[in-house]
Protein chains: 2
Amino acid sequence: MSKETLILDGNQVANSIKEALKERVKRLVQEGTTPCLATVLVGDDPASETYVRMKGNACKRLGIDSKRVVLDQMTSTEQLIHVINELNNDPSVHGILLQHPVPHHIDERAAFEAISIEKDVDGVTMLGFAQNAFGQALFPSCTPAAIMAIMDAYHIPIEGKHAVVVGRSPILGKPVSMMLLNRNATVTICHSRTQNLDHLVSQGDIVVAAVGKPNFIQGDWIKPGAVIMDAGYNEGNIGDCDYEACFPHASAITPVPGGVGPVTIATLLKHTVDAAERSMKA
Amino acid sequence: MSKETLILDGNQVANSIKEALKERVKRLVQEGTTPCLATVLVGDDPASETYVRMKGNACKRLGIDSKRVVLDQMTSTEQLIHVINELNNDPSVHGILLQHPVPHHIDERAAFEAISIEKDVDGVTMLGFAQNAFGQALFPSCTPAAIMAIMDAYHIPIEGKHAVVVGRSPILGKPVSMMLLNRNATVTICHSRTQNLDHLVSQGDIVVAAVGKPNFIQGDWIKPGAVIMDAGYNEGNIGDCDYEACFPHASAITPVPGGVGPVTIATLLKHTVDAAERSMKA
């Protein structure tokens, strides 16, 4: 292939999002409101602890407060909802992130639904999902929003393109499909029961990997010139796409790490600042 | 083709749904609750008047009350929402149907959102959409639910099949895509900006036509043996598929009229009875 593959640099996109937030945070602080993200972690899963710490550190670097709530592994659904309600009612908190997965005995959906829509900066509530599906979300889920932000930052055309999304989770596959659809892509949603997955992926002008299996998407599945958005983040910093094998076929690709991940965090920060600004107007 | 095409008889499916409701309505009435559907019609669009009258008549035949609210063409969004709130608060009303389209000056989405989720028997609210997308709706949109009911009545396999949905409206294309996805179909969502539509439709094991253009889907687009679900209902009782041309290619097809339409109404009645039963338990 004569044309070089473009590496979609998530760190650069994230930095430009964060750069644009600095002035807004400064203004909010001057007006007496420091944006604040509350993170709720239940249990002691090391990966989840790492994610929460990363998010907290990212807040700090921008001057955004973060309020860390850590709950015991044995916390009940009712106790968790009680904590979420306290955060809903706390005017100093602008965004609430419940780190998932939560322990199995907790009704995760009920806990997500407890988050007030005004503070649902991670876009996990059902109402937030529907608003996003209808193109009018306050806060779309961060990873899908990050995928769109990267494509927009690199001026990758979406309208009329065939996007193949591999994965159908409520916070990734389903919402990113709706976002691509609302941007006038034709969207195919694949999953574990899909037959002839390779054939379907090979039709994608845009391929979104959201399946959570390391190196799952193979190089010879990729249509020459396709754009690959890899939202996978598996143990050992490995994406859902076999990067080396996919790279030569793609016109553009997100690396893992350094692709969708940092933009997801930047989007979370942006939503927190958005929420803080909204709270000022309320 | 040696095998005959199966005509999916919506009237028969509708009758068996309604037959099953009779005993439930009887029991509710004995217990002092007559299920009641409120229909709200704004303006004097003749087609909408016909639909509302058909729904009212269908209620009557089953012993379900229907409360018809007809509002002037010039009704404001606020006035319409006020009427909907009265119906929300009326314990004798179990389901609310706002006939759409409403006049252009009305904020249809705001009016839909005013309907209480417990009475949203037509599945038009955003929360109802999301519940449906996550496989846990009280009342999925009636036309998508009717499409699924017909396929189930005829034992048409869905899991692992490639379903191509043509149309992406909030009450048809999007929810039916989510329902097919939740039943483990691979789903491609096409629309007015889709390129190579014929090629995409020709891959569908199941084709759902939800585009609102008479005779739009052509016979030579249809994969041999595909199942065609035509949710179109255009002027002159014409579907979205060119029926005569599609028929010989399909293994099964819904006619228009007599396909998805009657099952949509039966589903609305079923949801109204469901809502009445739920109100007894509340």
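Position numbers for residues start from 1 in each chain and track the written sequence from start to end. Think of it this way: whatever chain is written first is A, whatever ligand is written first is 1, and the rest follow in order. Side-chain atom pairs in this predicted model are given and counted only at pLDDT of 80 or more, local residue features only at pLDDT of at least 70, and totals for whole chains, interfaces and linings cover all residues. Based on all heavy atoms of the structure, the side-chain values leave hydrogens and waters out of the count.

Chain A carries the name Bifunctional protein FolD in an unreviewed UniProt entry, which gives Paenibacillus uliginis N3/975 as its organism. UniProt positions are given in the numbering used here, feature names are shortened, and annotations may be inferred rather than shown by experiment. Under Function (unreviewed entry), UniProt gives the following word-for-word description of chain A: "Catalyzes the oxidation of 5,10-methylenetetrahydrofolate to 5,10-methenyltetrahydrofolate and then the hydrolysis of 5,10-methenyltetrahydrofolate to 10-formyltetrahydrofolate." On record in UniProt, under Sequence similarities (unreviewed entry), the comment for chain A is "Belongs to the tetrahydrofolate dehydrogenase/cyclohydrolase family."

Colleague: Can you lay out helix α1 (residues 10-30) of chain B for me, pointing to particular residues and giving the numbers?
Modeller: Residues and elements named next belong to chain B. Only runs of H or I of at least four residues qualify as helices and only runs of E of at least two qualify as strands under DSSP, and these elements are numbered from the N terminus. Between the first and last residue of a helix there are one fewer steps than residues, each counted as 1.5 Å, and that sum is the expected span. Helix length check: α1, at 21 residues, gives a terminal C-alpha distance of 30 Å against a target of 30 Å (1.5 Å per residue), a fit within 8%. To get the bend at a residue, fit one axis to the 7 residues ending there and another to the 7 starting there, then take the angle between the axes. Of all the bends in α1, the greatest measures close to 25 degrees and is centred on K22. We call two residues in contact whenever any of their non-hydrogen atoms come within 4.5 Å of each other. The inward-facing, buried residues of α1 abut α2 (46-62), α6 (142-153) and α10 (260-281). Definition of a polar contact: a pair of N or O atoms within 3.5 Å, with one able to donate and the other able to accept a hydrogen when the atoms are protein atoms, and with sequence-neighbouring residues admitted only if both atoms are side-chain atoms. The N-terminus of α1 is capped by D9, whose side-chain oxygen sits 3.0 Å from the backbone nitrogen of N11.

Colleague: Describe in detail the pairing of strand β8 (residues 227-230) of chain B, supporting the description with residues and values.
Modeller: Successive side chains on a regular strand alternate, one facing one side of the sheet and the next facing the other. Residue and element names in this part refer to chain B. Burial of the side chains of β8 extends over both faces: V227 and M229 are buried on one face and I228 and D230 on the other. Between any two strands, pairing holds if DSSP finds at least two bridges. Strand direction decides the pairing type here: strand β7 (residues 206-209) and β8, joined by four bridges, are parallel. Counterpart to V208 in the pairing with β8 is M229. Strand direction decides the pairing type here: β8 and strand β9 (residues 252-253), joined by two bridges, are parallel. Note that in β9 the partner of V227 across the bridge is A252. Here's how the labels work: a residue is buried when its accessible area is under 20% of the maximum for its type, exposed when over 50%, partly exposed in between, all with a 1.4 Å probe on protein chains only.

Colleague: Any chance you could break down the pattern of salt bridges for me, citing the residues and the numbers?
Modeller: Residues and elements named next belong to chain A. Throughout this description, the term salt bridge denotes a Lys or Arg side-chain nitrogen within 4 Å of a carboxyl oxygen of Asp or Glu. Per the counting criterion, the structure on display carries 18 salt bridges over all chains. The salt bridge involving D274 is made with K270; its shortest N-O contact spans 3.0 Å. Of this pair, D274 and K270 both sit in helix α10 (residues 260-281), four residues apart, which is roughly one turn of that helix. With a relative accessible area of 15%, D274 lands in the buried category. K270 gets classed as partly exposed once you look at its relative accessible area, which sits at 33%.

Colleague: Please provide a residue-by-residue account of the interface of chain B and chain A, values included.
Modeller: How big an interface is tends to be reported as the loss of accessible area on association of its parts. Each partner contributes residues to the interface: chain B has 32 residues there, and chain A has 32 residues. Here the quantity called buried area is the total loss of accessible area, with a 1.4 Å probe, experienced by two parts when brought into contact, counted for both. Across the interface of chain B and chain A, roughly 2,900 Å² is buried in total on both sides, 61% from carbon and sulfur atoms. Taken together, the connections running from chain B to chain A amount to two salt bridges. The tally of links between chain B and chain A comes to 18 residue pairs in polar contact (both at pLDDT 80 or more). When contributions to the side of chain B that touches chain A are tallied by element, the ones reaching two or more residues are α5 (126-133), α7 (173-182), β6 (186-190) and α8 (197-201) of chain B. Among the elements that take part in the side of chain B that touches chain A, α5 of chain B stands out by supplying six residues, more than any other. Of the residues in the side of chain B that touches chain A, the class split is 14 nonpolar, 13 polar and five charged. The sheet contact formed by strand β6 (residues 186-190) of chain A and β6 of chain B spans three bridges and is antiparallel. Across the sheet, the residue bridging to V187 of chain A is I189 of chain B, located in β6 of chain B. As a working rule, the residues Ala, Val, Leu, Ile, Met, Phe, Trp, Tyr, Cys and Pro are called nonpolar, Asp, Glu, Lys and Arg charged, and the rest polar, with Gly in that last group.

Colleague: Break down the UniProt feature "domain: Tetrahydrofolate dehydrogenase/cyclohydrolase NAD(P)-binding" (unreviewed entry) in chain A for me, citing the residues and quoting the values.
Modeller: Sequence positions flagged by UniProt for "domain: Tetrahydrofolate dehydrogenase/cyclohydrolase NAD(P)-binding" (unreviewed entry) are, in local numbering, residues 141-279 of chain A. Spanning residues 141-279 of chain A, this segment combines 37% helix with 14% strand, and its end C-alpha atoms are found 20 Å apart.

Colleague: Can you break down the packing of α6 of chain B against α10 of chain B residue by residue, with the values?
Modeller: The relative placement of two packed helices is expressed as an angle between their axes plus a distance between the axes. Residues and elements named next belong to chain B. Between the N-to-C directions of two axes lies an angle of 0 to 180 degrees, each axis being a line fitted to C-alpha atoms and, for a helix, fitted only over the stretch in contact. Close contact between α6 and α10 brings their axes to 8 Å; oriented N to C, the two are set at 110 degrees. Relative to α10, α6 is oriented roughly perpendicular. In contact with C142, T143, A145, A146, I147, A149 and I150 of α6, α10 contributes V260, V263, T264, T267, L268 and H271. Of the residues that constitute the contact of α6 with α10, the class distribution is nine nonpolar, four polar and no charged. Working definition: roughly parallel below 35 degrees, roughly antiparallel above 145 degrees, roughly perpendicular at 65 to 115 degrees, and oblique for all remaining angles.

Colleague: Which residues make up the packing of aromatic side chains, and what values do they have?
Modeller: Aromatic contacts are taken between Phe, Tyr and Trp rings whose centres are within 6.5 Å, Trp giving its six-membered ring; a plane angle under 30 degrees counts as stacked, one over 60 as edge-to-face, and the others as tilted. Counting across every chain of the model gives nine aromatic pairs over all chains. With centroids separated by 4.8 Å and ring planes inclined at 45 degrees, the aromatic side chains of F134 of chain A and F129 of chain B adopt a geometry described as tilted. Residue F134 of chain A is located in the loop between α5 (126-133) and α6 (142-153), and its partner F129 of chain B is located in helix α5; the two belong to separate chains. What makes F134 of chain A buried here is its relative accessible area of 14%. Judged by its relative accessible area of 3%, F129 of chain B is buried. Every member of this aromatic cluster is reached through a ring pair, and the members are F129 and F134 of chain A together with F129 and F134 of chain B.

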